[in-house]
Amino acid sequence: MMKQKFLIIILLFTTSGVIGQTGPGGIGNSSTNMLWYDINSENIGNGAMVEEVTDFSGNNNHLVQTDVLKRPVNVTNVFNSSIASLRFDGGQSLTGGAMAAYNGVTKYNQYYIGSVDDLSLLSVPFAFKCVTPSRAFSTGFLTQFGLINAIGRRYGFVRRASLGSPTTLKVFQNDYNSLSGLMNAYLDFSLISSDPDVIENTFITHLETWLGGSTGASGTGYYMDGFISEVFAFNIDLNTAQTKILQNYIGAKYGTTIPTDHYDYEATHGVGLVGIGRDNNLNKHLNSIGNGMVRIQKSAMTDGQYLYVGHNDENYSSLSTDVPVLLLNSSRLLRTWRMDEPTDVGNIQVTFQLDSLSDFSPAPSAYKLIVDADGVFAAGATTYSGTYNAVTRTVHFTGIDMNAGDYFTLLGDEPVEIFSVSDGNWSDPSTWNCSCVPSGLNLVTISSFTTVNVDTDGYTKDLTIAGDGELEWTFDNNLTIQTDGLTIFGDITMPTGSITFAGTSIQEIDLNGGEFDFNDIEINNNGDVVELQNGTIVLNGTLTPTSGKFDFTAGSFIVNSVSAVSSARIAAVNVNAELSGNATVRRFIPAGVAGNRNLASPVVGATLAHWDDSLAISGYGFPDGCAYGDTTASGCYFSVKYYWQDRFYDITNINYVLENGKGYEIFIGDDLVTYSGTTIAVTGALNNSDVTTMNTTAWGTLGNPYASPVLFSQASTTNVMGKYFYIYDPASGGYQWYDKVSNTSSIPQLANGLLASGQGFWVKDFGFLTFPQSAKTSTNATFIRNSVAENGIQLKLTQDNTTYFNVSSIVFDHTGSDLKDEMDIEYLSTGLEKASSLYMTTDTFKLTKSYLLRDYADKTINVALKALTESYFTIHIADVASVNDYSNVYLFDQTLNKMIDLRAEGAYTFYSEVGEFDRFKVIFTNDVLSTDDFITTVNTGTEINITQLGSAIEISALNGFVNNTVYVTNALGQEILSPREVNLSNGSKLLNLSTDLKGLMIVVVKNVNGITTKKIIL
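Keep in mind that what you see is a predicted model, and the values were worked out from it rather than measured. (Residues numbered from 1 in each chain as written. Predicted model: local features only at pLDDT ≥ 70, side-chain atom pairs only at ≥ 80, totals over all residues. Heavy atoms only, no water.)

Novice: Describe empty space enclosed by the protein, listing the residues and the values that go with them.
Specialist: Counted under the stated rule, the structure contains 5 cavities of 30 Å³ or more. Taken together, Tyr726, Gly734, Tyr735, Trp737, Asn806, Val807, Tyr827, Leu828, Glu833, Ala835, Ser837 and Thr848 make up the full set of residues lining the largest cavity. Mapped onto the lining of the largest cavity, the elements with two or more residues apiece are β69 (734-739) and β75 (805-813). Here the lining of the largest cavity gets 3 residues from one element, more than from any other, and that element is β69. Among the residues forming the lining of the largest cavity, the class breakdown is 7 nonpolar, 4 polar and 1 charged. Taken domain by domain, the makeup of the lining of the largest cavity includes at least three residues from each of domain 4 (587-752 + 759-775) and domain 5 (793-929). (1 Å grid on protein atoms, 1.4 Å probe; cavity = no way out; pocket = protein on both sides within 12 Å on 5 of 7 lines; lining within 4 Å. Points joined across faces, edges and corners; volume = space filled by probe spheres on them. Helix = DSSP H or I, 4+ residues; strand = E, 2+ residues; numbered from the N terminus. Nonpolar A, V, L, I, M, F, W, Y, C, P; charged D, E, K, R; others polar. Domains from an automatic or database assignment.)

Novice: Describe the sheet that holds strand β56 (residues 582-589), listing the residues and the values that go with them.
Specialist: Spatial strand order, β47-β49-β51-β56-β63: 5 strands in an open sheet with mixed pairing. On the outer flanks of this sheet lie β47 (515-518) and β63 (678-685), each paired with one strand and no other. Here the average twist between neighbouring strands, direction ignored, is 20 degrees. When β47 meets strand β49 (residues 536-539), the two strands line up parallel, connected through 4 bridges. The partner of phenylalanine 518 across the bridge, within β49, is leucine 539. (Pairing = 2+ DSSP bridges. Axes fitted to C-alpha atoms, helices over the stretch in contact; angles between N-to-C directions.)

Novice: Tell me about the sheet that holds strand β32 (residues 387-389), and name the residues and values.
Specialist: Strand order in the open sheet formed by 5 strands is β23-β24-β29-β33-β32, and the pairing between neighbours is antiparallel. At either end of the open sheet lies a strand with only one pairing partner, and these are β23 (287-288) and β32. Relative to strand β33 (residues 394-400), β32 is paired through 3 bridges, and the arrangement is antiparallel. Paired with asparagine 389 across the bridge in β33 is threonine 394.

Novice: So what about a nonpolar patch on the surface? Which residues, and what values?
Specialist: Side chains of Val325, Leu326 and Leu328 sit close together on the surface and give an oily, nonpolar patch of about 380 Å² of accessible area. With respect to the element layout, valine 325 can be found in the loop between β26 (319-320) and β27 (330-333). (Patch = residues over 30% accessible without salt bridge, like charges linked within 9 Å, V, L, I, M, F, W, Y side chains within 5 Å. Areas by Shrake-Rupley, 256 points an atom, 1.4 Å probe, with all protein chains shown as cover. Salt bridge = Lys/Arg side-chain N within 4 Å of Asp/Glu carboxyl O.)

Novice: Lay out the pattern of salt bridges with the relevant residues and their values.
Specialist: Working definition: two side chains of opposite charge can pair if their charged atoms are close together. For the coordinates displayed, the defined rule picks out 18 salt bridges. Taking the shortest distance from any N to any O, the salt bridge between glutamate 659 and lysine 662 comes out at 3.0 Å. According to the relative accessible area criterion, lysine 662 is buried, its value standing at 12%. A salt bridge links lysine 921 to glutamate 954; its shortest N-O distance comes to 3.3 Å. With lysine 921 in strand β84 (residues 915-925) and glutamate 954 in strand β87 (residues 952-957), this residue pair connects regions lying 33 residues apart in the sequence. Assigned by exposure class, lysine 921 and glutamate 954 land together as buried. Look at the salt bridges and you will find they share partners, linking Asp818, Asp855, Lys859 and Lys989 into a network. (Buried < 20%, exposed > 50% of the residue type's maximum accessible area, 1.4 Å probe, protein only.)

Novice: Now, about the nonpolar core: what can you tell me, with residues and values included?
Specialist: Counting residues in hydrophobic clusters, the biggest one holds 66 residues, and the most contacted among them are Leu471, Phe518, Phe550, Phe557, Ile570, Trp611 and Leu686. Looking at this core, the element that brings in the most residues is strand β48 (residues 520-533), giving 4 residues. There are two domains that each give this core at least three residues, and those are domain 3 (425-580) and domain 4 (587-752 + 759-775). Judged by nonpolar contacts, the second largest core, of 30 residues, contains Tyr111, Phe189, Ile245 and Ile250. (Core = buried A, V, L, I, M, F, W, Y, C linked by side-chain atoms within 4.5 Å.)

Novice: Tell me about helix α1 (residues 240-254), residues and numbers included.
Specialist: Compared with the 21 Å implied by 1.5 Å per residue over 15 residues, the 21 Å span of α1 between its first and last C-alpha is a close match. Of all 15 residues in α1, 12 are buried, a share of seventy percent or more. Ala241, Gln242, Ile245, Leu246, Gln247, Asn248, Tyr249, Ile250, Gly251, Ala252, Lys253 and Tyr254 are the residues of α1 that are buried. Two or three places before alanine 241, at the opening of α1, asparagine 239 has a side-chain oxygen 3.0 Å from that residue's backbone nitrogen. Residue glycine 255 follows α1 closely and has a positive phi angle near 70 degrees. (Expected span 1.5 Å × (residues − 1). Polar contact = N/O pair within 3.5 Å; in protein donor to acceptor, adjacent residues only side chain to side chain.)

Novice: So what's going on with the environment of tyrosine 249? Residues and values would help.
Specialist: You can see tyrosine 249 is positioned in helix α1. With 225 residues separating them in the primary sequence, tyrosine 249 and proline 24 have C-alpha atoms 7.3 Å apart.

Novice: Tell me about the state of the cysteines, and name the residues and values.
Specialist: As used in these notes, a disulfide is a covalent bond between sulfur atoms, one from each of two cysteines. Tallied over the full model, the rule gives 2 disulfides. Linked covalently through their sulfurs, cysteine 434 and cysteine 436 form a disulfide whose S-S length is 1.9 Å. The disulfide joining cysteine 434 to cysteine 436 has a torsion of about -90 degrees about its S-S bond and is therefore left-handed. The disulfide that involves cysteine 626 links it to cysteine 636, with 1.9 Å between the sulfurs. One quick way to see it: the torsion about the S-S bond of cysteine 626 and cysteine 636 is about -120 degrees, and its sign makes the bridge left-handed. Linking cysteine 626 in the loop between α3 (608-612) and β59 (640-643) with cysteine 636 in the loop between α3 and β59, this pair joins segments that are 10 residues apart in sequence. Given a relative accessible area of 7%, cysteine 636 falls into the buried group. (Disulfide = S-S within 2.5 Å.)

Novice: Which residues make up unusual backbone geometry, and what values do they have?
Specialist: Look at asparagine 512: it is not a glycine, yet its phi comes out positive at around 50 degrees. Topologically, asparagine 512 is positioned in the loop between β46 (507-510) and β47. Take asparagine 512: its relative accessible area is 33%, and that puts it in the partly exposed class. Positive phi is not limited to glycine here, since asparagine 897 has a value of about 50 degrees. Structurally, asparagine 897 can be placed in the loop between β81 (888-893) and β82 (898-901).

Novice: Please set out the pairing of β59 residue by residue, giving values where relevant.
Specialist: Of the two faces of β59, the one holding Val640 and Tyr642 and the one holding Lys641 and Tyr643 are both buried throughout. Pairing geometry for β59 and strand β61 (residues 663-668), over 2 bridges, is antiparallel. By the bridge assignment, lysine 641 is partnered in β61 with glutamate 665. Strand direction decides the pairing type here: β59 and strand β60 (residues 648-650), joined by 3 bridges, are antiparallel. Residue pairing for β60: tyrosine 643 is matched across the bridge by phenylalanine 648. The hairpin formed by β59 and β60 contains 4 residues between the paired strands, and glutamine 645 there has a positive phi angle of roughly 50 degrees.

Novice: Before we move on, can you summarise the confidence of the model for the protein with the specific residues and values?
Specialist: The pLDDT averaged across the protein works out to 83; a share of 86% of its residues lies at or above 70. Taken together, the stretch residues 1-20 has pLDDT below 50 and engages in 110 contacts with residues farther than four places along the chain or on a different chain. Of the regions scoring below 50 in pLDDT, residues 154-161 engages in 32 contacts with residues more than four places distant in sequence or in other chains. (pLDDT = per-residue confidence, 0-100. Contact = heavy atoms within 4.5 Å.)

Novice: For the side chain of arginine 338, give the residues involved together with the corresponding values.
Specialist: Positionally, arginine 338 belongs in strand β28 (residues 337-340). At 7.3 Å, aspartate 406 is the nearest oppositely charged side chain to arginine 338, a buried residue that forms no salt bridge. Residues within four places of arginine 338 in sequence aside, it is in contact with Tyr263, Tyr265, Thr268, His269, Tyr308, Val309, Gly310, Gly405, Asp406, Tyr407 and Phe408. (Lys, Arg positive; Asp, Glu negative; His and termini not counted.)

Novice: I'd like a description of the side chain of threonine 770, backed by residues and values.
Specialist: Take threonine 770: it is sitting in strand β73 (residues 767-771). Given a relative accessible area of 19%, threonine 770 falls into the buried group. Side-chain polar atoms of threonine 770 contact the side chain of threonine 692, separated by 2.7 Å. The contacts of threonine 770, once residues within four sequence positions are left out, are Asp690, Val691, Thr692, Ala715 and Ser716.

This is the structure we're talking about:
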């Protein structure tokens, strides 16, 4: 499929001043730069799902996506080098709320660069949604059938300016002036189309901002398929100098061709480009900083002068010892900048804006600007002294004269080791010997007999907790270890918060033989490994493998589970991350009734003996012996089985290797009645990539392959495997289910197909099931959410003197069929369940959930009973009020010839012997049927069935004849029901007769195979 390349940038105009500019290219500030989404500045790991995008304009109009299923993915190397972008696959979007700052805007200028699916029917990659006094409207870009369109609105109609369908990286532009009504569209900064007839695009009241997709009036998401790197918006007029600087910013960052290229060093220093310049006195820009840390400015420039600086995108909190030989006790930032100027500009001012990561010099007065021609600062560098401002954390340099191509960076004294001198907060300078707050460039020690609380997001180069020292979290803050590692001799208390390992070389976690509880951990080591040494990490939160390898082969790593509602988990492993070593994964199984449960191993290489450590497992030669049966191999009861090709297979070896991705049926109980609950554990390798498992024909047991809850809704199936699953529920004695096609479930706990770590489940028919890493979810697997409401009923079967029950459903849908279709869920019975059950029959299939065609025609559905014991049973009716298409819903008991009005009666109790019976029919009709009438059925031999349902007649065909003529006469041959054409291709049809009719009647059905007749008595 052909792709088109583009980026989005939005600009809205007024006039510009000469104050310091902090927007893209150094243009705009928080009052004029309304929004700025720069994905590359987010520092998100490659392959990570993105929940929120930061607004770097300072206006806090952040974009969010709360639905995990609709989050885009961060990817690198799409446009230029390692520049990050968001990937949208036709179902993701991010949204920002209403912003008062956008109200009343009368002009805008929009730029767009990126990629879209050229076969997309309709998508809206970016748009503002606003409202005028008379109507709502949106403006931005849309794609349709491969064409990219700039859009505006005239009255209630969208106006489009087509920009074609190029296959290479292009820059699209759309500007609009509400006073003139003129909308212009540009391609690579050249005018392509003008529309002088666009009005009503004044942003009277801003409502919403869309990225990646929008919501139309019908509620449909117009989602794009492609990549987006950047979006920004101004409410200033761009003069010609600012336009050239912006073009150079785009050209250097994304490698695009621009009309006036002033900067030659984008190959190595093309990120974060800012510029100053002047065309004439009305078109100038003299102060720029962007969202980086370097500001350049000059009080005056002559016509035609421009100067730019860009950086090499190195970590701005990392240091280098490549410094002038006379300053050997110093360090410099690893990040360097490079300057270019078409003509000599002369002296300029340079200011470094530092933060807790980059303010590294113990003596701020030691900061110096160093400039070098070849980028090797040890020899030949020029040094400038500056002024440090402790309040603003800036270092300001004046009189800086550089040549085109020069490199420069910031130098200071080498960071000192910092240690705590008293109990206190991390952010309190009095806690530390330096009377400062540690940065990402300091070695930090928590001293003996002191306790430090991580009360803010903190940074350190290396962290040591001395004996009798303690580091604690009482708030949800993050501590980042930038370079080295973590050594613990004392203690760590971490009920909340997180710790990130963000180095670029090997980082060690040395626990000195201790066992410590951690909450959240992120591995974000760019290109190397984080090693666990000599101790045990007990993870109670989430491990996020963003980048680099986490190697715990020399230590012990436990993924803990402390309750039925809370378990630690391993988040999605990104493509450039890896987990190495054997982990122990625990799962708490709550107390309840004894019975079979569906379990699975979340690791590779675990054995049945691991489960046996916590559970009583029956088997010949097993440590727990035989629960019942004789003590021979052939007579002993084996309590662990798996299901394959319509039969159970016993696990007869205690050292059997549990297959990752396979499900197992295991009896769990203290005795045959109750189970008190326990935590089970398995040890093995964690999965680093997507996992695919296979099921053969008929039913089979599969399992969640990850140490994390997953969503079946995000899994994929191939061949004829059903898009649903069952889980045996020992409390009900039957099965609970989830259906992916309708995204509905039998209980709220399975909403979206939520599967706990270690959960086994049942699937039907041959195919492959793939759980991608992105199917993992942070939702607790027992967290209750509402399921989707449907137009249908539920039949719940209960049995006297037991707690067991079974639920089946009948649903109406415009895409359903009265025969078996893709949405239907087949009935499962293995012989081990304890609950009797109901199921619907159609064609040759048995169904637990049946989707019927919502065509408003009368329906009859056959419902069978499987009674496991002789008893009284009750059918409870739920959600009958949601069936709005029919006035009456009946249950007909064919054994007792009894009709029950389900709208009037909430339940029906009956007696049954053991067996499987085609006993009931559910009838949906707008007529009133007599509850005293009886029903008889015969097969006439011509594949047409005629069934009497009181005063109604059901006509059905085994092979679904299309053309049938039906009429009814009395015994004298007089026509009672005039001939009707009936289509039986979708199942059965119901014909209602007048309740005033009495006596013998003859029903006649004609089709190409002949005539079928049946006598009925009314």
